[in-house]
Amino acid sequence: LLPSSMTNLPSEIEGEEPPSMRMLTSLEPTCPSPLTGWLGSCLQCCSCFHVRPINNSPFLNLPIVPTSVFNLLHNTRSSGSRVQSPTSPLPACSLQQCLSNFTAIERVSEVDCMNCALQNELTSLEDEMCLLEGAISDLDRRGEDATELRTEMNEYQTRRSILSNLSPDADELPEDIIDMPKPKRQEAIKCLLLTRLPTVLCLHVQRRYYNPSTNHVAKAMQHVVFPEVLDVSDYCAYSGSRMKQESWAGKRSGGDCHSCSSSTSSSAAGYGRASTDTDDTILYRLKSVVEHRGNAYTGHYQTYRRLLSAERQLHGKGKWALVSDEHVAIVDW
């Protein structure tokens, strides 16, 4: 997939740059490979609702799976129930559904949260300081010496000041702090979003999967319907009028971490999109398709390639070339 011409954008942009243009300017012409993009991992603690900074990692292709494989693996992990086998080509799914599952919000456990540890420690310090303040006031009222309690209060205040200035997302925490709080294991919600777009977007539909119920590796035959022009804005972190992660952090106001992670089909697409009135489309145009024919262990690859304008004029029909070893044929979409 190659970026399509953004005919819906004005030639001269006044004021703030549209989010879709900001994502398009992230196309990196100097990358080692035109297939290189960035995938961001977003994580939010379900206990303190702290949202970590996006953790970016490079990718050369996006590994998506047919919906039948996604449903099979998820149902096997969650309930152990059997679902329809992905070896059937029908019912078909769409490429957009596969991408929605790829960016779906999921619940993860045993995640270290330093923010929970810091907040718990600060809460304990506040309680201790409140008790000390009452004790000091009582001693002062009776005219007794409260020097030791005031010294202890100063120590608590100093520790509170130090811990309050610590960032829970720092790569390295100071080692000179006595009794540094240990990260707490909590449940969290997680999703993946595109943070830098590649010049050429490669989507790899992974059909080879392991079925735990049969203890065999098989190939998913479910048909995946894909368009000639794909809008990827719903799967980007910065495609809305404000950052998706910013709205995610706003989920704290609702206070229900369960509601935003209970449905596995829910997608991060739309998170943080303040309004649907503006057109923030980011379009890629299909250029080629590599198809595998065979089973999970053997087979043959053939390629469909979009013809250039000059090539279409030369052949006079069709827009695509089917290439299979030495066999080449002109075909229609």
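In this text, all values refer to a predicted model and were calculated from it rather than measured experimentally.

1. Overview of the overall build of the protein chain
The number of helices and strands found in the protein chain is seven helices and 17 strands. Counting across all 333 residues of the protein chain, residues that qualify as buried make up 36%. Summed over all atoms, the accessible surface of the protein chain reaches about 19,300 Å², with 50% contributed by carbon and sulfur.

2. As for the nonpolar core
Residues Leu62, Leu99, Leu194, Leu201, Leu203 and Val232 are the most contacted members of the largest nonpolar core, which totals 23 residues. Broken down by secondary-structure element, the contributors of at least two residues to this core are β4 (62–64) and α3 (95–102). Among the elements that line this core, the one with the most residues is α3, at four residues. Not counting residues within four places of it along the chain, the set of residues in contact with Val232 comprises Leu197, Leu201, Ile282 and Tyr284. Judged by nonpolar contacts, the second largest core, of 16 residues, contains Leu132, Met153, Ile177 and Met180.

3. Some details on the packing of aromatic side chains
A full pass over the atoms with the stated rule returns zero aromatic pairs. Its guanidinium or amino end placed over the ring of Trp38, Arg196 lies 4.1 Å from that ring's centre, counting from NZ or CZ.

4. Looking at the layout of surface pockets
Of the pockets and cavities examined, the largest pocket occupies roughly 1,400 Å³. As for the largest pocket, its lining consists of 39 residues, and the residues nearest its centre are Phe226, Val289, Val290, Glu291 and His292. Residue assignment for the lining of the largest pocket shows that the elements contributing at least two residues are β8 (203–205), β11 (224–225), β14 (288–294) and β15 (299–306). Broken down by element, the residue count for the lining of the largest pocket peaks at six residues, all from β14. Here the residues of the lining of the largest pocket are counted per class, giving 24 nonpolar, eight polar and seven charged.

5. Remarks on the pairing of strand β2 (residues 37–45)
Along β2, eight of the nine residues are buried, which leaves the element largely enclosed by surrounding structure. With five bridges connecting them, β2 and strand β3 (residues 55–59) associate as antiparallel partners. Paired with Trp38 across the bridge in β3 is Pro58. Direction of pairing for β2 relative to strand β7 (residues 184–196): antiparallel, over a ladder of eight bridges. Paired with Trp38 across the bridge in β7 is Arg196.

6. Some thoughts on the environment of Arg306
Looking at the element boundaries, Arg306 is found in strand β15. You can call Arg306 buried: its relative accessible area is 6%. Sequence separation of Arg306 and Val289 is 17 residues, and the distance between their C-alpha atoms is 8.9 Å. One polar contact links the side chain of Arg306 to the main-chain carbonyl oxygen of Leu286, over a distance of 2.8 Å.

7. Notes on the confidence of the model for the protein chain
Mean pLDDT for the protein chain: 78, with 73% of residues reaching 70 or above. When mean pLDDT is compared element by element in the protein chain, β8 scores highest at 94, while helix α6 (residues 244–249) scores lowest at 47. Predicted confidence is poor over residues 241–247, with pLDDT under 50, and the contacts of this stretch with residues over four places away or in other chains come to 29 contacts.

8. A few points about the sheet that holds strand β16 (residues 320–324)
Whether parallel or antiparallel, the strands of a sheet pair through hydrogen bonds between backbone atoms. With antiparallel pairing, the four strands of this open sheet are ordered in space as β14-β15-β16-β17. Two strands lie at the open edges of the sheet, namely β14 and β17 (327–331), each paired on one side alone. In this sheet, adjacent strand axes meet at a mean angle of 20° when their direction is disregarded. Pairing of β14 with β15 involves seven bridges; the strand directions are antiparallel. Bridging from a neighbouring strand, Ser288 pairs with Arg305 of β15.

9. Section: empty space enclosed by the protein
This model, assessed by the stated rule, comprises two cavities of 30 Å³ or more. What lines the largest cavity is Leu43, Gln44, Cys45, His50, Arg52, Val111, Asp112, Cys113, Gln186, Glu187 and Ala188. At the level of secondary structure, the elements contributing two or more residues to the lining of the largest cavity comprise β2, β6 (106–113) and β7. Of the residues assigned to the lining of the largest cavity, the class counts are five nonpolar, three polar and three charged. Estimates place the volume of the second largest cavity at around 40 Å³. Around the second largest cavity sit Leu39, Leu62, Leu99, Phe102, Thr103, Leu194, Leu201, Val232 and Tyr235, which together line it.

Rules of the game
Residues numbered from 1 in each chain as written. Predicted model: local features only at pLDDT ≥ 70, side-chain atom pairs only at ≥ 80, totals over all residues. Heavy atoms only, no water. Helix = DSSP H or I, 4+ residues; strand = E, 2+ residues; numbered from the N terminus. Buried < 20%, exposed > 50% of the residue type's maximum accessible area, 1.4 Å probe, protein only. Areas by Shrake-Rupley, 256 points an atom, 1.4 Å probe, with all protein chains shown as cover. Core = buried A, V, L, I, M, F, W, Y, C linked by side-chain atoms within 4.5 Å. Contact = heavy atoms within 4.5 Å. Phe/Tyr/Trp six-rings, centres within 6.5 Å; stacked < 30°, edge-to-face > 60°. Lys NZ or Arg CZ within 6 Å of the ring centre and 35° of its normal. 1 Å grid on protein atoms, 1.4 Å probe; cavity = no way out; pocket = protein on both sides within 12 Å on 5 of 7 lines; lining within 4 Å. Points joined across faces, edges and corners; volume = space filled by probe spheres on them. Nonpolar A, V, L, I, M, F, W, Y, C, P; charged D, E, K, R; others polar. Pairing = 2+ DSSP bridges. Polar contact = N/O pair within 3.5 Å; in protein donor to acceptor, adjacent residues only side chain to side chain. pLDDT = per-residue confidence, 0-100. Axes fitted to C-alpha atoms, helices over the stretch in contact; angles between N-to-C directions.

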